[in-house]
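# Working through the structure, step by step
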Amino acid sequence: MAFTTRLKTAVKAILGYPLPGHSDTLPAISQANTLRTVYFRECLRKVAGLDGAVVECGVGQGYGLCNWAALTSLDSKQRLIWAFDSFEGFPKFSKEDEASEEREASYSQYKQFNLLYVLNVMRTFGLTTTEIDRRICFAKGFIPASLGLYDKSPIALLHLDLDIYEPYKEALNFFWEFVVPGGIVMFDEYNKALDVF
Ligand SMILES: C[S@@+](CC[C@H](N)C(=O)[O-])C[C@H]1O[C@@H](n2cnc3c(N)ncnc32)[C@H](O)[C@@H]1O
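Residues numbered from 1 in each chain as written. Predicted model: local features only at pLDDT ≥ 70, side-chain atom pairs only at ≥ 80, totals over all residues.

## What about the overall build of the protein chain?
Heads up, the rule is: Note on conventions: DSSP H or I runs of at least 4 residues are helices, E runs of at least 2 residues are strands, and numbering of each starts at the N terminus. Three exposure classes are used, all based on how many other C-beta atoms lie within 10 Å of a residue's own C-beta (placed from the backbone): buried at 20 or more, exposed at 12 or fewer, and partly exposed between those limits. A pair of residues counts as a contact when their C-beta atoms, built from backbone coordinates, are separated by no more than 7 Å.
Scanning the protein chain from terminus to terminus reveals seven helices and five strands. Across the protein chain, helices and strands are ordered from the amino to the carboxyl terminus as α-α-β-α-β-α-α-α-β-β-α-β. For the protein chain, buried positions account for 27% of its 197 residues. Nonlocal contacts in the protein chain, meaning residues at least 24 apart in sequence, comprise 79% of its contacts between residues at least 6 apart.

In structure tokens form, the structure reads like this:
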């Protein structure tokens, strides 16, 4: 077994979860991530004058969430960030998702990104436990059932990154009425090829 594989196995055995960024197939850093951060910042600037939360549906490893937390801390408005995810991977695909074995295998990686994993990513990123507790509301569960956890407060920016049809539709239908006039709804998958790693 290669040294890095043994090291990862040992770290996982000790911690109970793999270290963030140590997935074999998901990149820890990329040009696309940096450009996405810049784009997030531009979107936040556009809603700078509006009151309301940032709501992210689809947290994955927590990279986007880290960005939202860091970027909103630069603003005078202390926005609450809502983070909706099953934190146990994807539900069943519907016929609209054009499921394939390759896609299902790729998406099965998301099962490992539980709440503990994401919190560890956020702490490694540099967010303190106090900041996380004060500014981020985790809403764990499968959409649409988990949507009832939302407190129905106004939303300045809604980021949908759920990858598949049904939860996208349900989340958009549910959150739309809370998005304030001039607020932004972002679709990660809009006009883009499917995410397959
Ligand atoms: C591509 S990942 C999100 C990536 C993340 N926004 C980022 O920037 O790193 C998609 C996430 O959607 C979640 N998801 C998909 N369908 C869901 C559903 N019905 N309910 C809750 N979470 C769901 C999966 O668990 C997965 O973590």
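## Considering the sheet that holds strand β2 (residues 81-85)
As a reminder of what qualifies: Two strands qualify as a pair provided that DSSP identifies no fewer than 2 bridges between them. Between N-to-C directions, angles cover 0 to 180 degrees, with each direction set by a line fitted to C-alpha atoms, over the stretch in contact for helices.
Spatially, β3-β2-β1-β4-β5 is the arrangement adopted by the five strands of the open sheet, whose pairing is parallel. Each having just a single partner strand, β3 (136-140) and β5 (179-187) make up the two edges of the open sheet. Taking each pair of neighbouring strands and ignoring which way they run, the sheet shows an average axis angle of 15 degrees. Two strands pair when backbone bridges link them, and strand β1 (residues 53-57) and β2 are joined in this way by four bridges, in the parallel orientation. Along β2, the bridge assignment pairs Val54 with Ile81. The strands touched by helix α3 (residues 63-72) are β1, β2, β3 and β4 (155-160); relative to β1, the strand with the most contacts, the crossing angle is about 170 degrees.

## Considering α3
Counted residue by residue, α3 has seven buried out of ten residues, so it is predominantly covered. Here α3 has its buried residues at Tyr63, Gly64, Leu65, Asn67, Trp68, Ala69 and Thr72.

## Description of helix α5 (residues 115-125)
Put simply, the rule reads: Here, the arc refers to the directions that run from the helix axis to the C-beta atoms.
Residues Tyr117, Val118, Val121 and Met122 constitute the buried set of α5. Here the buried residues of α5 occupy an arc of 135 degrees about the axis, which is enough to place them on one side. Residues of α5 that are buried make contact with α3 and α6 (129-135). Just downstream of α5 lies Gly126, where phi reads positive at about 125 degrees.

## Digging into the site of the ligand
The test is simple: Each residue gets a C-beta atom placed from its backbone. Should that atom fall within 6 Å of a molecule or strand, the residue is termed near it. Under the scheme applied, nonpolar residues are Ala, Val, Leu, Ile, Met, Phe, Trp, Tyr, Cys and Pro; charged residues are Asp, Glu, Lys and Arg; polar residues are all the others, including Gly.
Inspection of the region around the ligand gives 21 residues, with Gly58, Gly60, Gly64, Asp161 and Pro167 positioned closest. Partitioned by chemical class, the residues of the shell around the ligand number eleven nonpolar, six polar and four charged.

## Details of the pairing of β4
Which entries qualify depends on this criterion: When the strands point away from the viewer, a crossover counts as right-handed if the route from the first strand across the helix to the second turns clockwise.
Here β4 lies mainly inside the structure; six of its six residues are buried. Here β1 pairs with β4 via five bridges, running parallel. Note that in β4 the partner of Cys57 across the bridge is Leu160. Sheet topology note: the β4/β5 ladder contains five bridges and is parallel. Residue Leu158 lies in a different strand from β5, and its bridge partner there is Val185. Considered for its hand, the β-α-β crossover made up of β4, helix α7 (residues 165-175) and β5 is right-handed.

## Focus: the nonpolar core
For clarity, the cut-off: For the purposes of this analysis, a nonpolar core is taken to be any set of buried Ala, Val, Leu, Ile, Met, Phe, Trp, Tyr and Cys residues that are connected through C-beta atoms within 7 Å.
In terms of nonpolar packing, the biggest core is built from 38 residues, with Val55 and Ile155 touching the most fellow members. Taken together, the elements giving at least two residues each to this core come down to α2 (31-46), β1, α3, β2, α5, β3, β4 and α7. Here the element with the most residues in this core is β4; it accounts for five residues. Beyond its immediate sequence surroundings of up to four residues, Ile155 is in contact with Gly52, Ala53, Val55, Phe175, Phe178, Val179, Val180 and Gly183.

## So, the environment of Gly148
Inspection of the secondary structure puts Gly148 in the loop between β3 and β4. Note on Gly148: 10 C-beta atoms within 10 Å, which makes it exposed. Sequence-wise, Gly148 and Phe174 are 26 residues apart; in three dimensions their C-alpha atoms are separated by 9.5 Å.

Everything listed is a geometric property; what it means functionally is a separate question.
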